[in-house]
Amino acid sequence: MGKSKDKPAALGGAPVFVQTVQTPEFPKLDNWKQVTDEEAQVAYDMTLRNELSGGTPVVREFEKEWREKLGVKYAITVMNGTAALYSAFFGLGVGPGDEVICPAYTWICTISPVIFMGARPVFCESDPESMMADPEDIRRRITDKTAAIVVVHLWGNVCDMDPIMEISRETGIPVVEDCSHAHGAMYKGRHCGTIGHAGCWSLQGSKPVSAGESGIIATDDTEVFERACLVGQVNRMKGMDLVTEKYAKYQPLGTGMKFRAHPVGVGIAQVQMRKLKGLNDRRSKYVSEVEAGLKDIPGVKPVKVYEGAVRGGFYGFPIIHIPEEQNGLFTSTFVEALRKEGLPAHLSGYPLLHTLPIFAEGFDLYTRNRGPLCGDYPGYNKGDFPVSEKMVEKLVFLPVLSDPVPDAVDRVLEAIRKVASYADQLVDAE
Ligand SMILES: Cc1ncc(COP(=O)(O)O)c(C=O)c1O
């Protein structure tokens, strides 16, 4: 690849994207608005109907649509994705002394619920090409205390579910799928979230299906469903919770914990869900076009997508930086130069979980030296997950565009190409 005609802005040239008064920091690349009049109208109508609490008709309808879309027996809305994960782990009977395997590279809420059940997180490596949990490393970390495995379809990419479910079949350890970044993603013809024993989604404000704040859990497992109802669904209308007699005497109060979703949020999410296919089609087209263009640019490559996976949600758009192909240019310098071109790229914002003080040093969760993260808790050190540690340093996040302005793909690629072609001079300036 020859040098681009113009120098990068980081070396004193003109940026690819010209800033305007309307977009003082970065130029407008996307025409998409997450919420529109449609969502506002639903919120207005529901408020006037005083449909503001409990398992209302809209909540029931949304759960039914979710069940039908995914082809699962049960779906329950909850107040956020964290509560969905809490419900799933509680549903699976995770408890004191247990261990739950989770990738070190994910958002903390994937695993945080288990510590409140007295269980310990056991972190695993991710495949550096896909960023998804590495099945072989999951296998290595199984002990006789492993009560569950949670995998995450991070940034809309899809875990290699066949080997993960094979481990589950061999060992009897159940699998939770955290789909908070991957609404609408599929694996070998099946919806993500329906392959493991429970699927959990965040419907938080920036998610591909947003309620503002809410979450949902789906499962085919009656025991998981009934226990999830016990932990979070006080006083639901008859017929919306238990299906067997096992926990009947505890209802309608259950355990008295309450994770119920706000119905207005669910109403908003219902509108968003109906727009999901269009959103995914547009995001997928943009991401694929940019990824195709990366092939001619040294020092950058798309993340790996497993055979049979169809990405969805696209909560983030990571690509992999290869400094060795750019004269050893630091990834941080590369990102900074892209930003100077007016392209809002950034490094990975997620800390690896084993480096957080709570998990690295342990934490006296219940005070007086009690809880799963103290006593003989071994803790973690930097260096314990060399593959993931190296992987996150090389991730560069490009903007996710949902309704790109004309030429957005060309200009995104132009910025990357220009910076890559001047890598030698950028290294000299480092
Ligand atoms: C991977 C992942 N899991 C779980 C959650 C928790 O979702 P919530 O914020 O709705 O509780 C998030 C939130 O961003 C997430 O990114």
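Cut-off values and rules
Residues numbered from 1 in each chain as written. Predicted model: local features only at pLDDT ≥ 70, side-chain atom pairs only at ≥ 80, totals over all residues. Buried ≥ 20, exposed ≤ 12 C-beta atoms within 10 Å, placed from the backbone. Helix = DSSP H or I, 4+ residues; strand = E, 2+ residues; numbered from the N terminus. Pairing = 2+ DSSP bridges. Right-handed = clockwise from strand over helix to strand, strands pointing away. Arc of directions from axis to C-beta. Contact = placed C-beta atoms within 7 Å. Near = placed C-beta within 6 Å. Nonpolar A, V, L, I, M, F, W, Y, C, P; charged D, E, K, R; others polar. Core = buried A, V, L, I, M, F, W, Y, C linked by C-beta atoms within 7 Å. Domains from an automatic or database assignment. Axes fitted to C-alpha atoms, helices over the stretch in contact; angles between N-to-C directions. Expected span 1.5 Å × (residues − 1). Parallel < 35°, antiparallel > 145°, perpendicular 65-115°, else oblique. Left-handed = near helix turned anticlockwise from the far one by under 90°.

Here strand E5 (residues 175–178) shows two buried faces, one formed by Val175 and Glu177 and the other by Val176 and Asp178. Both strand E4 (residues 146–152) and E5 contribute to a ladder of four bridges, which runs parallel. Opposite valine 150, over in E5, you have valine 176 as the bridge partner. As for the winding sense of the linkage, the β-α-β connection from E4 through helix H6 (residues 161–171) to E5 is right-handed. Relative to strand E8 (residues 198–202), E5 runs parallel, the two being bridged by three bridges. Bridging across to E8, aspartate 178 finds its partner in cysteine 200.

Taken as a whole, helix H11 (residues 386–393) has its buried residues at Ser388, Met391 and Val392. With its buried residues spanning 90° around the axis, H11 presents them on a single face. Residues Pro386 and Lys390 are exposed on H11 and point more than 90 degrees away from its buried face.

Right, let's get into the environment of valine 271. Mapped onto the elements of the fold, valine 271 is located in helix H8 (residues 263–294). Valine 271 sits 229 residues away from valine 42 along the chain, and the two C-alpha atoms are 8.2 Å apart. With near-sequence residues (within four places) excluded, valine 271 lies in contact with Glu38, Glu39 and Val42.

A few words on the site of the ligand. Around the ligand, 14 residues are found, and the nearest of them are Asn80, Gly81, Thr82, Cys109 and Ser202. A per-class count over the shell around the ligand returns three nonpolar, 10 polar and one charged.

Turning to the nonpolar core, a few remarks are in order. Of all hydrophobic cores here, the largest spans 127 residues; its most connected members are Ala88, Phe89, Val100, Ile216 and Ile217. Ranked by the residues each element gives to this core, the list is headed by H8, at 10 residues. Two domains each put at least three residues into this core: domain 1 (9–33 + 277–350 + 387–428) and domain 2 (37–272). Contact partners of isoleucine 216, with chain neighbours within four places excluded, come to Trp66, Ala75, Ile76, Thr77, Val78, Ala84, Trp201 and Leu203.

A cis amide bond links glutamine 251 with the next residue in sequence, proline 252, at an omega value of 10°. Phi at tryptophan 155 is positive, roughly 60°, even though this residue is not glycine. In this structure tryptophan 155 comes out as buried when scored by C-beta crowding, with 22 C-beta atoms within 10 Å.

We now examine the environment of glutamate 38. Tracing the backbone shows glutamate 38 in helix H1 (residues 37–48). By C-beta crowding, glutamate 38 is classed as partly exposed, having 13 other C-beta atoms within 10 Å. In this structure, the C-alpha to C-alpha distance between glutamate 38 and glutamine 272, residues 234 residues apart in sequence, is 9.3 Å.

Across the sheet, which stays open at both edges, the seven strands sit in the order E1-E9-E8-E5-E4-E2-E3 with mixed pairing between neighbours. The sheet terminates laterally at strand E1 (74–78) and strand E3 (120–124), the two strands that pair on one side only. In this sheet, adjacent strand axes meet at a mean angle of 20° when their direction is disregarded. With five bridges joining them, strand E2 (residues 99–103) and E3 adopt parallel strand pairing. Each residue of the ladder has a partner; that of proline 103, found in E3, is cysteine 124. Docked against the sheet, helix H7 (residues 222–232) engages E1, E8 and strand E9 (215–219), running at close to 20° with respect to E1.

Turning our eyes to something else, we now look at helix H2 (residues 57–70). Its 14 residues place the ends of H2 20 Å apart at the C-alpha level, agreeing with the 20 Å of an ideal helix rising 1.5 Å per residue. Regarding H2, the residues found buried are Val58, Val59, Phe62, Glu63 and Trp66. Angularly, the buried residues of H2 cover 135° about the axis, an arc narrow enough to put them on a single face. Residues of H2 that are exposed and point over 90 degrees away from its buried face: Lys64 and Glu68. Each element contacted by the buried residues of H2 is listed here: H1, E1, E9 and H8. Looking one or two residues beyond H2, the residue adopting positive phi is glycine 71, at roughly 70°.

A few words now on the packing of helix H3 (residues 81–91) against H7. With their axes 8 Å apart at the nearest point, H3 and H7 run at an angle of 125° to one another. One element, H3, and the other, H7, form an angle in the oblique class. For the crossing formed where H3 meets H7, the hand is right-handed. Where H3 approaches H7, its residues Ala83, Ser87, Ala88, Phe90 and Gly91 are matched on the opposing element by Val224, Phe225, Arg227, Ala228, Val231 and Gly232. Grouping the constituent residues of the contact of H3 with H7 by class yields seven nonpolar, three polar and one charged.

From the geometry alone we can't say anything about function, so treat these as descriptive.
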